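For reference, the chains in residue letters:
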Amino acid sequence: MKKPAMETPQNKQLLILSHCPSINTQALLNALESGAMAAQTEALSIRSMAFIDAQPEDLSKASGVIFLCTENIGYMSGLAKDWFDRHFYYASEHCQAMPYAVIIRAGLDGTATSKAIASIGQGMSWNEALPTLVCRGEWRENFLGQAKELGEHMAVSVDMGLV
Ligand SMILES: Cc1cc2nc3c(=O)[nH]c(=O)nc-3n(C[C@H](O)[C@H](O)[C@H](O)COP(=O)(O)O)c2cc1C
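Please read all numbers here as calculations on a predicted model, not as lab measurements.

A few points about the overall build of the protein
So, step 1. From N to C terminus, the protein includes 5 helices and 7 strands.
So, step 2. Listed N to C, the secondary structure of the protein is β-α-β-α-β-β-α-β-α-β-β-α in terms of helices and strands.
So, step 3. Burial status across the protein gives 44% buried among its 163 residues.
So, step 4. A fraction of 83% describes how many contacts in the protein between residues 6 or more apart in sequence connect residues 24 or more apart.
So, step 5. For the protein, the accessible surface area stands at approximately 8,600 Å², while carbon and sulfur atoms represent 53% of it.
So, step 6. If the 12 positive side-chain charges of the protein are averaged to one point and the 17 negative ones to another, these points end up 3 Å apart.

So, the site of the ligand
So, step 1. As a structural note, the neighbourhood of the ligand is formed by 13 residues, with S22, N24, E71, G74 and D109 the closest of them.
So, step 2. Interatomic distance of 2.7 Å between a backbone N/O atom of G74 and an oxygen atom of the ligand.
So, step 3. R105 places a side-chain nitrogen or oxygen 2.9 Å from an oxygen atom of the ligand.
So, step 4. In isolation the ligand offers 620 Å² of accessible surface; the protein chains occlude 66% of this area.
So, step 5. Those elements that provide at least two residues to the shell around the ligand are β3 (64-72) and β5 (99-106).

Some words on the nonpolar core
Soluble globular proteins tend to bury their nonpolar side chains together.
So, step 1. In this structure, L17, L59, V65, F67, W83 and W126 are the most contacted members of the largest nonpolar core, which totals 26 residues.
So, step 2. Those elements that provide at least two residues to this core are β1 (12-18), β3, α3 (78-94), β5 and α4 (111-123).
So, step 3. Contact partners of L59, with chain neighbours within four places excluded, come to L15, V65, W83, H87, Y90, A91, C95, M98 and W126.
So, step 4. Membership of the second largest hydrophobic core comes to 24 residues, among which are L28, I66, C135 and M154.

A closer look at unusual backbone geometry
So, step 1. The backbone phi angle of A97 is positive, close to 70 degrees, even though this residue is not glycine.
So, step 2. Within the fold, A97 resides in the loop between α3 and β5.

A look at helix α5 (residues 142-159)
So, step 1. Its 18 residues place the ends of α5 26 Å apart at the C-alpha level, agreeing with the 26 Å of an ideal helix rising 1.5 Å per residue.
So, step 2. Against β1, α1 (23-38), β2 (44-50), β3, β5 and β7 (133-136) lie the buried residues of α5.
So, step 3. Positive backbone phi, approximately 70 degrees, marks G161, located one or two places after α5.

Focus: the pattern of salt bridges
So, step 1. Here the structure, examined in full by the defined rule, presents 3 salt bridges.
So, step 2. Note that K81 is salt-bridged to D85, the shortest N-O span being 3.0 Å. Separated by 4 residues within a single helix, K81 and D85 lie in helix α3, roughly one turn from each other.
So, step 3. We note a salt bridge from D82 to R86, for which the minimum N-O separation is 2.9 Å. With a gap of 4 residues between them, D82 and R86 both fall in helix α3, about one helical turn apart.
So, step 4. Residue class for D82 comes out partly exposed when judged on its relative accessible area of 27%.
So, step 5. By relative accessible area, R86 is classed as partly exposed at 33%.

Here we look at the environment of S34
So, step 1. You can see S34 is positioned in helix α1.
So, step 2. Counting along the chain gives 72 residues from S34 to A106, while the straight-line C-alpha distance between them is 21 Å.

Cut-offs and rules
- Residues numbered from 1 in each chain as written.
- Predicted model: local features only at pLDDT ≥ 70, side-chain atom pairs only at ≥ 80, totals over all residues.
- Heavy atoms only, no water.
- Helix = DSSP H or I, 4+ residues; strand = E, 2+ residues; numbered from the N terminus.
- Buried < 20%, exposed > 50% of the residue type's maximum accessible area, 1.4 Å probe, protein only.
- Contact = heavy atoms within 4.5 Å.
- Areas by Shrake-Rupley, 256 points an atom, 1.4 Å probe, with all protein chains shown as cover.
- Lys, Arg positive; Asp, Glu negative; His and termini not counted.
- Charge placed at Lys NZ, Arg CZ, Asp CG, Glu CD.
- Near = heavy atom within 4 Å.
- Polar contact = N/O pair within 3.5 Å; in protein donor to acceptor, adjacent residues only side chain to side chain.
- Core = buried A, V, L, I, M, F, W, Y, C linked by side-chain atoms within 4.5 Å.
- Expected span 1.5 Å × (residues − 1).
- Salt bridge = Lys/Arg side-chain N within 4 Å of Asp/Glu carboxyl O.

What follows is the structure, encoded as structure tokens:
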């Protein structure tokens, strides 16, 4: 006799989009990924890609997004901006209320990048799920723990449908 079909868990994906031009920012990404992976479940997968490689079909599979970028010359890094330029209309039309979180590595400030991403997120009707983490000033090892925690928190929130 045929076995009844197993109930498949709902498939969700947390997408991490990043631009990491230095050893420190690469370490931040590794920490973020390890936090998110720690909360991965059968129902939630984690995907991590560079902004420059991402296309709208990658976004279409996501149930939540984490952005990680640097601040350069008073604004988000050019490759992060390029992603918003290429995805703004798609994200506004097809991904309304998408939960997102942001990590900014800013050697000096980070305010302009934080405000710009919040404003673009509002424009796309996305849902800012967690307070933005700005890793500001001289490099500190505790940025890694903060990034890891944010990754885990976001993954659990998306998985459980809390955001
Ligand atoms: C050309 C250039 C411009 C920068 N402009 C800013 C800026 O406007 N605001 C800021 O907070 N940091 C600025 N920084 C510092 C970067 O945010 C920082 O170097 C980057 O996030 C990488 O971090 P790390 O140096 O710890 O590897 C700038 C760095 C470079 C190379």
